[in-house]
Structures are given as C-alpha cells and as structure tokens.
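Remarks on the overall topology
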Amino acid sequence: MMLTKRDHQLMCFLSEQGVATFAQLRKEFFVNDEACRCRLRKLLRRNLIESISIDEMKKISVSAYLKMAEILNLKGSEIWKYRLYRLSEVFRKISPTTETNSDPKMWRHQVQLTEVRQFIKEEFPNALILTESDVESEWRRFKSKTEVAIPDLVLRSSGKEVAIEMERTLKSEREYQKRMAFYGRSKYTHVIYFCESVNIFNKIARTSAGSKKIGVSNILSKDKIYRVGQGFQPIRTFIHSVY
C-alpha cells in the first residue's frame, strides 16, 4: 500500500495530538465514515497506527475512565467497545512529546484539546494554529531568556496572538495567579481557558478579574467566552476586541 499525502497528514496529526477519536479523524481528513473506516483499517494492517480501547484508562483511574465516557457521551456496553487511535509504538518513540501525549494518563486532556483545536480551525479557517511543541520550538530557536508560559495551543490571526489553555484539573489560586502574571507580561494579545468543569471555570474567572485579555469558556459551550465586566461573548467578538 502506497502512503498518500493524507496518510502522512493523519499521522502527523496523531504525532501532535497523541490520540484522537474516530469522529475527530473523520472530521479532519475524510468526507464520510466509510472512507475513514476503510483507510484506518489499512493503516492498522500496516502497523502504522493502532487502536486502543478506553478500558485502558481503568488501570489508571476508574473515575477518569468514567469521566472520559461522559465526555464522549458513551453509555453501557458502548464504553468498553469504544476505541481511540494513536501512532504505533515505533513511531510514538520518535518524539518524547508524542509518547507522553499518547499515554492513557493524557487521553482525556488530549481528546478535549483536539475538540478545541478543531473548533478553532472552523472559526478561523485562515489562521495559523501552533501546538505546544511548535511554541516551545520557537522559544528555543530564538533563545529567549525570559521565563514564559507555554500554552497548549496558539492561534495567530489578523495580528492577534491568542494563547489557548485546556484546563482539566483544578489548581490553586496561587498557581493560576502565577501563570496569568506570565501571560500579562507576554506577547499574547488574548488568552482563553477552556475548562472541563464549572469549578475550574469559576476559579479561573475569579482569578482573572484583573485582566481584560483573559477569557474563560466551558468545554461544552466553546463559543461562549466569559470576560469579567463584559459577560459572555462569541469567540470572534472576544478575539477582535482591542485592549
């Protein structure tokens, strides 16, 4: 089987994201379910990628496993049958970042981050989207000695530089204050936190009260960005605001 340009793009996508669902790969690369299913089977047979049951998460945490099922809207027997896709072991080991992001400990974060990435791509089709690895590579290339916060994603569009964070775990207020101080001194024009839970949303909203360039959103309603003093805004309105 000859690898196509799309095959290489799909593998690059898995290298960046670590893991993805069938629906995410279908949305990113294929026109319909059958075309996606057929091509994935061929890549699986060539041992270029692998599919894994989300049952693997049980070995780490039953609560994380159940939360993942909730995120994917799975019930009953659908849960143990559901599979995720990642690069095969030989390719995962090429990059430490890929190996980390494809580990079951990171599945919940990476699946939700991919949802955010695809949403941003739909909203800003002509924008440049950088992954955490891309941003870190840029930082190293320019040999910056300034301490920086490296976000999960960066959106570059129409002169705007937007840091995007996927927040899955509740941190202390002090940790959030420290990170927001980094962003306050940074080149980023806007910062958006996509939060997995209401508790995380509320804590970040409180902590960011002094910064107009920080917005907060719930992962389930990504287009509603909350900014203190302005309430909820569509993401385009928030990003096109100038401070």
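Calculation notes
- Counting restarts for each chain: residues are numbered from 1 in the order of the written sequence.
- Local features in this predicted model are restricted to residues of pLDDT 70 or higher, and side-chain atom pairs are both shown and tallied only at a pLDDT of 80 or more, whereas totals for entire chains, interfaces and linings draw on every residue.
- Water and hydrogen atoms play no part in the side-chain values, which are based on all heavy atoms of the structure.
- Only protein chains enter the calculation, and the probe is 1.4 Å; a residue is then buried if its accessible area is under 20% of its type maximum, exposed if over 50%, and partly exposed in between.
- For helices the rule is a DSSP run of H or I covering at least 4 residues; for strands it is a run of E covering at least 2, with both sets numbered from the N terminus onward.
- We call two strands paired when DSSP finds no fewer than two bridges between them.
- When the strands point away from the viewer and the connection leading from the first strand across the helix to the second strand turns clockwise, the crossover is called right-handed.
- Any Lys or Arg side-chain nitrogen located within 4 Å of an Asp or Glu carboxyl oxygen qualifies as a salt bridge.

1. So, the pairing of strand β7 (residues 190–195)
- Burial within β7 is extensive, with six of its six residues counted as buried.
- Two strands pair when backbone bridges link them, and strand β6 (residues 160–167) and β7 are joined in this way by six bridges, in the parallel orientation. Its bridge partner lying in β7, Glu167 is registered against Cys195.
- For the segment spanning β6, helix α10 (residues 173–185) and β7, crossover handedness is right-handed.
- Strand direction decides the pairing type here: β7 and strand β8 (residues 214–218), joined by five bridges, are parallel. Bridge pairing links Phe194 to Ser217 in β8.
- Note that the unit made of β7, helix α11 (residues 198–207) and β8 has a crossover that is right-handed.

2. A short note on the pattern of salt bridges
- Applying the stated criterion across every chain, the model contains 20 salt bridges.
- Note that Arg117 and Glu16 form a salt bridge whose closest N and O atoms lie 2.8 Å from each other. You can see Arg117 sitting in helix α8 (residues 107–123) and its partner Glu16 sitting in helix α1 (residues 5–17), a full 101 residues away along the chain.
- Residue Arg117 is classed as buried on the basis of its relative accessible area, which comes to 15%.
- Members of the salt-bridge network, linked through shared partners, are Glu138, Arg156, Glu161 and Lys187.

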